[in-house]
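Coordinate analysis (summary)
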Amino acid sequence: MEASVVTALRTALGDAGLRVGDDIDARFCEDVLGQRGAVPLAVLRPATTADVSKALAICNDAGVAVVTQGGRTGLVRGCLPQSGEVVLTTERMNQVESVDADAGTAIVQSGVVLQALQERVEPMGLAFPLDLGGRGSCTIGGNVSTNAGGNRVIRYGMARDLILGLEAVLADGTVIDGLKPFVKNNTGFDLKQLFIGSEGVLGVVTRLVVRLIPKPTDTAVAFCGLRDFAQVRALLRHLRQRMGGELTAFEVLWKAYYTRFLAMKPGAGAMPDAHAFYVLTEASGSDGEALRARFERALADALEQGVIDDAVVAKSETEARALWHMRDLAIEVSRTLGPHVGFDVSLRIADMDAFAVDLAALARRLHPGAQTVVFGHAGDGNLHLAVARDVQVENSYAQVERAVYDLVARYGGSVSAEHGIGMTRRAYLGHTRTAQEIALMRALKRTMDPKNILNPERVLGVPG
Ligand SMILES: Cc1cc2nc3c(=O)[nH]c(=O)nc-3n(C[C@H](O)[C@H](O)[C@H](O)COP(=O)(O)OP(=O)(O)OC[C@H]3O[C@@H](n4cnc5c(N)ncnc54)[C@H](O)[C@@H]3O)c2cc1C
């Protein structure tokens, strides 16, 4: 990068706002999975929206590509620098600016860590209902840019549903101030939605108005054993009917997941691995023991009606946490396969069982003996898959990837339910989106970032 650009950036951001050369910390080159990117030309550390605006204007004029980083927990290499890029980290934009308890809203900077927001509003009797395993590191800006889903989508929706207003900076430094706190705002295009889920290719998200809910005072968690997928579907229908809006999670683990978990953490399971499927389910509400009583009655009826074969209900918060721990360790459980390819797909619930059977057969066809692990937010039509690959086979990663995405396409599914496209799934965008949709996305990208400096090549690949 030319010295004049570095000087301009230092003048704009101050010494604390710029890192170059040996001052660049290795963490900016690596994501949570340990995947590495290139060493960036510089790390921009803006503290305010005005800083972001000035820095982007300088980079845009100089034609320098910028990759935005939040907590680097994204799973599709979107935040990893490519050669010749600078990193813009939101780590100094980490303030919860205000909380409006009456309205149930907060204004937050995009670098606020998800768990920090959850903990900040909890003493006020409020909750930010987005929740996922990466909560201790991921940022609200990253959550919004990837339209994160997580564990409680079945009740509260994805990140998209939890944002009322948003401020973002375009590639040329223009600030788009859409920080309106209104639930209803039918005044032309809903521009914030362009930035939500577009993985940083259209602008840098700087501040947000998030929606808060009254914190449920009571939560009930159970782990169920089931013999076939017909029971899983019946249980979902049963709990939806009996718990209504109180049902907050419905996570399914195929047997292989649970068996591997037990092998990894002997004694930490809730029941023996005698069942074909396991469901981790949660209900929450605010009418004390009545919620737990309704939940337990619904499960007792499910047992009696043959909808489930076994159930363990957590009797304390510690027990509830232990049940959730089995699900939170998904990355570690998948790693027990050895070298593998991970997927996060959407499918119709009615297709999930047949899909998983076809997936296992496909894995064995590609590499004899190859195992699979299947689990996920089945209540939202979202499965996570891990498929073992044989490192002795040339291009085994690409081979497994193509075969699985072709299978997903045959089932009419989506190649990404919640993790996004990033760098790793660009070739498969067309499996889920039409040519006309992709052409419109490209046209928006050209309009909002004509020099293609923001997260270039992520999501849409090279400009076409
Ligand atoms: C243990 C674990 C569990 C997870 N569980 C889930 C889950 O259940 N559901 C789910 O959806 N995801 C899950 N994830 C993935 C990940 O946590 C989410 O994608 C998260 O939302 C990313 O936030 P981040 O701050 O780490 O973003 P990063 O990884 O830093 O960035 C992700 C993408 O967003 C862009 N970006 C980041 N901040 C901004 C910004 N301010 N403006 C513009 N673009 C930006 C980056 O350029 C990149 O393309 C999980 C990850 C881990 C490690």
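None of the values given here were measured: they were computed from a predicted structure.

The next subject is the site of the ligand. The full set close to the ligand counts 37 residues, and Gly70, Gly78, Gly141, Gly142 and Gly200 are the nearest of them. With four residues, the top contributor of residues to the shell around the ligand is helix α4 (residues 140-145). Counting residues domain by domain, the shell around the ligand receives three or more from each of domain 1 (96-214) and domain 3 (337-429).

Right, let's get into the packing of helix α7 (residues 229-243) against helix α9 (residues 289-304). Contact pair α7 / α9: the axes reach a minimum separation of 10 Å and the direction vectors enclose 145 degrees. The element α7 and its partner α9 pack so that their crossing is right-handed. Residues Leu235, His238, Leu239, Arg242 and Met243 of α7 form the contact with α9, whose own contacting residues are Arg294, Phe295, Ala298 and Ala302. Its residues assigned to classes, the contact of α7 with α9 comprises six nonpolar, one polar and two charged.

Turning our attention to the domain arrangement of the chain. Examined at the domain level, the chain breaks down into domain 1 (96-214), domain 2 (218-327) and domain 3 (337-429). Relative placement of domain 1 and domain 3: their C-alpha centres are 30 Å apart. Between domain 1 and domain 3, the contact holds six residues from the first and 10 residues from the second. Class assignment of the residues belonging to the side of domain 1 that touches domain 3 gives a composition of three nonpolar, two polar and one charged.

Here we take up the pairing of strand β3 (residues 65-69). In terms of burial, β3 is largely enclosed, as five of its five residues are buried. Along β3, one buried face is formed by Ala65, Val67 and Gln69 and the opposite face, lined by Val66 and Thr68, is buried too. Where β3 meets strand β4 (residues 85-89), five bridges bridge the pair, whose relative direction is parallel. Bridge pairing in β4 places glutamine 69 opposite threonine 89.

Before going further, it helps to spend a moment on the sheet that holds strand β15 (residues 310-313). The strand order across the open sheet built from seven strands is β15-β12-β14-β13-β17-β18-β16, with neighbouring strands paired in antiparallel fashion. What marks the edges here is a single partner per strand, and that holds for β15 and β16 (340-346). Strand-to-strand twist of the sheet, defined as the mean angle between neighbouring strand axes without regard to direction, takes the value 15 degrees. Where β16 lies against strand β18 (residues 382-388), seven bridges are found, and the strand directions are antiparallel. Across the sheet, the residue bridging to histidine 340 is alanine 388, located in β18. Those strands touched by helix α8 (residues 255-264) are β13 (247-254), β14 (277-285) and β17 (372-376), and its axis lies near 100 degrees from that of β17. Those strands touched by helix α13 (residues 396-410) are β16 and β18, and its axis lies near 20 degrees from that of β16.

For the rest of this paragraph, the subject is the packing of helix α1 (residues 3-13) against helix α2 (residues 49-62). Taken N-terminus to C-terminus, the directions of α1 and α2 make an angle of 170 degrees; their axes are 9 Å apart at the nearest point. Relative to α2, α1 is oriented roughly antiparallel. Where α1 approaches α2, its residues Val5, Ala8, Leu9, Ala12 and Leu13 are matched on the opposing element by Asp51, Lys54, Ala55, Ile58 and Ala62.

For the rest of this paragraph, the subject is the environment of valine 387. Within the fold, valine 387 resides in strand β18. The spacing of valine 387 and threonine 447 is 60 residues in sequence and 39 Å in space, taken between C-alpha atoms. Dropping the residues within four chain positions of it, valine 387 is found in contact with His340, Val341, Leu359, Ala363, Ala370, Thr372, Val400 and Val404.

The rules we used
Residues numbered from 1 in each chain as written. Predicted model: local features only at pLDDT ≥ 70, side-chain atom pairs only at ≥ 80, totals over all residues. Near = placed C-beta within 6 Å. Helix = DSSP H or I, 4+ residues; strand = E, 2+ residues; numbered from the N terminus. Domains from an automatic or database assignment. Axes fitted to C-alpha atoms, helices over the stretch in contact; angles between N-to-C directions. Left-handed = near helix turned anticlockwise from the far one by under 90°. Contact = placed C-beta atoms within 7 Å. Nonpolar A, V, L, I, M, F, W, Y, C, P; charged D, E, K, R; others polar. Buried ≥ 20, exposed ≤ 12 C-beta atoms within 10 Å, placed from the backbone. Pairing = 2+ DSSP bridges. Parallel < 35°, antiparallel > 145°, perpendicular 65-115°, else oblique.

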